[in-house]
There are 2 protein chains.
Amino acid sequence: MTITITAFEHSPDRGQGLARDTRVRWALEEVGQPYEVRLVSFRALKEPAHLALHPFGQIPTYEDGDLSLFETGAIVFHLAERHAGLLPDEAKARARAITWMFAALNTVEPPILELTTARILESDKPWTRERLPMIEERVHDRLKQLSARLGGADWLDGAFSAGDLMMVSVLLRLRSSGLLDAYPNLAAYVARGEARPAYQRAFAAQLAVYTASQPPAD
Amino acid sequence: MTITITAFEHSPDRGQGLARDTRVRWALEEVGQPYEVRLVSFRALKEPAHLALHPFGQIPTYEDGDLSLFETGAIVFHLAERHAGLLPDEAKARARAITWMFAALNTVEPPILELTTARILESDKPWTRERLPMIEERVHDRLKQLSARLGGADWLDGAFSAGDLMMVSVLLRLRSSGLLDAYPNLAAYVARGEARPAYQRAFAAQLAVYTASQPPAD
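Reading the values: the criteria
- Residues numbered from 1 in each chain as written.
- Chains lettered and ligands numbered in written order.
- Predicted model: local features only at pLDDT ≥ 70, side-chain atom pairs only at ≥ 80, totals over all residues.
- Heavy atoms only, no water.
- Helix = DSSP H or I, 4+ residues; strand = E, 2+ residues; numbered from the N terminus.
- Rg over C-alpha atoms; globule rule 2.2 N^0.38 Å.
- Buried < 20%, exposed > 50% of the residue type's maximum accessible area, 1.4 Å probe, protein only.
- Contact = heavy atoms within 4.5 Å.
- Areas by Shrake-Rupley, 256 points an atom, 1.4 Å probe, with all protein chains shown as cover.
- Lys, Arg positive; Asp, Glu negative; His and termini not counted.
- Charge placed at Lys NZ, Arg CZ, Asp CG, Glu CD.
- Pairing = 2+ DSSP bridges.
- Right-handed = clockwise from strand over helix to strand, strands pointing away.
- Phe/Tyr/Trp six-rings, centres within 6.5 Å; stacked < 30°, edge-to-face > 60°.
- Lys NZ or Arg CZ within 6 Å of the ring centre and 35° of its normal.
- Least-squares fit on C-alpha atoms with pLDDT ≥ 70 in both.
- Core = buried A, V, L, I, M, F, W, Y, C linked by side-chain atoms within 4.5 Å.
- Domains from an automatic or database assignment.
- Buried area = accessible area lost by both parts, 1.4 Å probe.
- Salt bridge = Lys/Arg side-chain N within 4 Å of Asp/Glu carboxyl O.
- Polar contact = N/O pair within 3.5 Å; in protein donor to acceptor, adjacent residues only side chain to side chain.

**Structural notes on the overall build of chain A**
When its secondary structure is counted, chain A shows 9 helices and 4 strands. A compact globule built from 218 residues would reach a C-alpha radius of gyration of about 17 Å, and chain A, at 18 Å, matches this within 12%. Principal-axis analysis of the C-alpha atoms gives chain A an extent of 50 × 45 × 40 Å. Taking all 218 residues of chain A together, 56% fall into the buried category. For chain A, long-range pairs separated by at least 24 residues make up 67% of all intrachain contacts whose partners lie at least 6 apart in sequence. Accessible surface for chain A amounts to roughly 9,400 Å². Of this, 53% is attributable to carbon and sulfur atoms. The distance from the centre of the 24 positive side-chain charges to the centre of the 28 negative ones in chain A is 4 Å.

**Quick word on the pairing of strand β1 (residues 3–8) of chain A**
Two faces belong to every sheet, and in a regular strand the side chains alternate between them. All names here are of chain A. Extensive coverage of β1 is indicated by the burial of 6 of its 6 residues. In the sheet, β1 pairs with strand β2 (residues 35–40) via 6 bridges, with the strands oriented parallel. Opposite A7, over in β2, you have L39 as the bridge partner. Read from β1 through helix α1 (residues 21–30) to β2, the crossover connection turns out right-handed. Both β1 and strand β3 (residues 61–64) contribute to a ladder of 3 bridges, which runs antiparallel. Paired with I3 across the bridge in β3 is D64.

**Details of the packing of aromatic side chains**
Following the criterion strictly, the structure yields 20 aromatic pairs over all chains and no others. When the ring of W100 of chain A is compared with that of F56 of chain B, the centres are 6.3 Å apart and the planes differ by 75 degrees; the resulting orientation is edge-to-face. You can see W100 of chain A sitting in helix α5 (residues 91–120) and its partner F56 of chain B sitting in the loop between α3 (48–53) and β3 (61–64), one on each of two chains. Connected via pairs of aromatic rings, a cluster forms that spans W26, W155, F160, Y189, Y199 and F203 of chain A. In this structure, R196 of chain A packs its charged tip against the face of F160 of chain A, placed 3.6 Å from the ring centre.

**Points about unusual backbone geometry**
For the bond running from I59 of chain A to P60 of chain A, omega is 0 degrees, close enough to zero to count as cis. Note on placement: P60 of chain A falls in the loop between α3 (48–53) and β3. Non-glycine residue R14 of chain B carries a positive phi angle of around 55 degrees. Summarising the element assignment, R14 of chain B is placed in the loop between β1 (3–8) and α1 (21–30). Exposure remark for R14 of chain B: the relative accessible area of 56% places this residue in the exposed category. Backbone geometry places E71 of chain B, a non-glycine residue, at a positive phi of 75 degrees. Summarising the element assignment, E71 of chain B is placed in the loop between β4 (67–70) and α4 (72–82).

**Thoughts on the relation of the copies chain A and chain B**
Of the transformation placing chain A onto chain B, the axial shift is 0.0 Å and the rotation is 180 degrees, giving an RMSD of 0.0 Å. When the rotation and shift are considered jointly, the pair of chain copies conforms to a two-fold rotation axis. Both copies contact each other with a shared surface, as 100% of the interface residues of chain A are interface residues in chain B too.

**Overview of the nonpolar core**
One finds L143, M167 and L171 of chain A together with L143, M167 and L171 of chain B to be the most contacted residues of the largest nonpolar core, which totals 122 residues. Excluding its chain neighbours within four sequence positions, the residues that come into contact with L171 of chain B are V108, L143, L146, L180, Y189 and V190 of chain B.

**Looking at the domain arrangement of chain A**
Interface size is commonly expressed as the accessible area that is lost once the parts come together. All names here are of chain A. When cut into domains, chain A gives domain 1 (3–85 + 198–213) and domain 2 (91–196). Relative placement of domain 1 and domain 2: their C-alpha centres are 21 Å apart. Carbon and sulfur atoms make up 61% of the area that domain 1 and domain 2 hide from each other, which totals about 1,500 Å². The largest per-residue losses of area from domain 1 upon contact with domain 2 belong to L18, R23 and W26, which jointly make up 40% of the total buried on that side. Summed over the shared surface of domain 1 and domain 2, the result is 4 salt bridges. Taking the shortest distance from any N to any O, the salt bridge between R23 and E109 comes out at 2.7 Å. Summed over the shared surface of domain 1 and domain 2, the result is 8 residue pairs in polar contact (both at pLDDT 80 or more). Elements with a contribution of two residues or more to the side of domain 1 that touches domain 2: α1, α4 (72–82) and α9 (197–213). The element contributing the most residues to the side of domain 1 that touches domain 2 is α4, with 6 residues.

As structure tokens, then:
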């Protein structure tokens, strides 16, 4: 059965790898599963055919035979559960790795997304200049705690896991803000994630979509 | 082995059941597992003993023998995986129920939390009056999509699952806003969740903590 995921036809991040299909591509590469990608236009995201796959009209989705899933966290977990490479075998270590997946998505990412929203969606609002430092402070609160927990370890709990895949992906959103610079161990952690061959392949694959969508140079 | 969870000594919601220990209590009641509760003061949340259990200094945590977990989503999933009652047995239905857990926490809850932040943490800011309608619109976007998907069904995908437990818990945060009133099927869905005996027991247990913490009436 061929796995098919969806991705933006024109990713708003211009190939920086921040669209969520990169997380799923990375997981697929870590577990060594081939996949196909169906590109979706912004208009098609809100049309019935796509909404049947993803009720919130987003990417990525995942199809494998008659199973279709949405939500990056759920897709990565599904892959991690069925293939070796993203979750430890030992039950307690496995539960802790899953904990880090949820922590990345539900505790660390929300203030980071709030920062993105303020910078992009509310960039023209009169209050944004005064609000930004407040939101950055909320992000720093999380980063300080995460940095303290990681300490000098390579990964959050023993070997690399789906929890690290998700946390690194979430932290990558901060690159352009410079906020990670205050936490050398977190910056090194992110770099360690990016250096993984599976991440490199995933990044290259999403960048190729963006590059192909650009008009040829003169 | 006794399961021990943590909860606020003084819940900021004054027993409305919105603190996240209610979600874990609900899951424990659905699967019929007894548990003990250790109450934690706001000060103790940020002290080393608690940070060792929960790196972000929050509640709830979960301890069972030498396994300790944090993150509500991870705790509920751990319970759902080990005990009957919260996840279907059939593999595809199980993967879809897990998808709804992630959707509740990562797609539906973030704009709802943004609304709470604006109303509470930024209530004294000059921009909040103008910002609130924008944030409410983001919440409505999600509610419209969720309402369309739920349609006339009782639960999101077949029988009640951990996905519904999490989605109902997230939507309960909107009660005081009145935003759910525009979606009769979502309001009925939330009421259906609250009517479950397991929810009733969980709600009563967290309310008892709040009631006991109040000074006696004259």
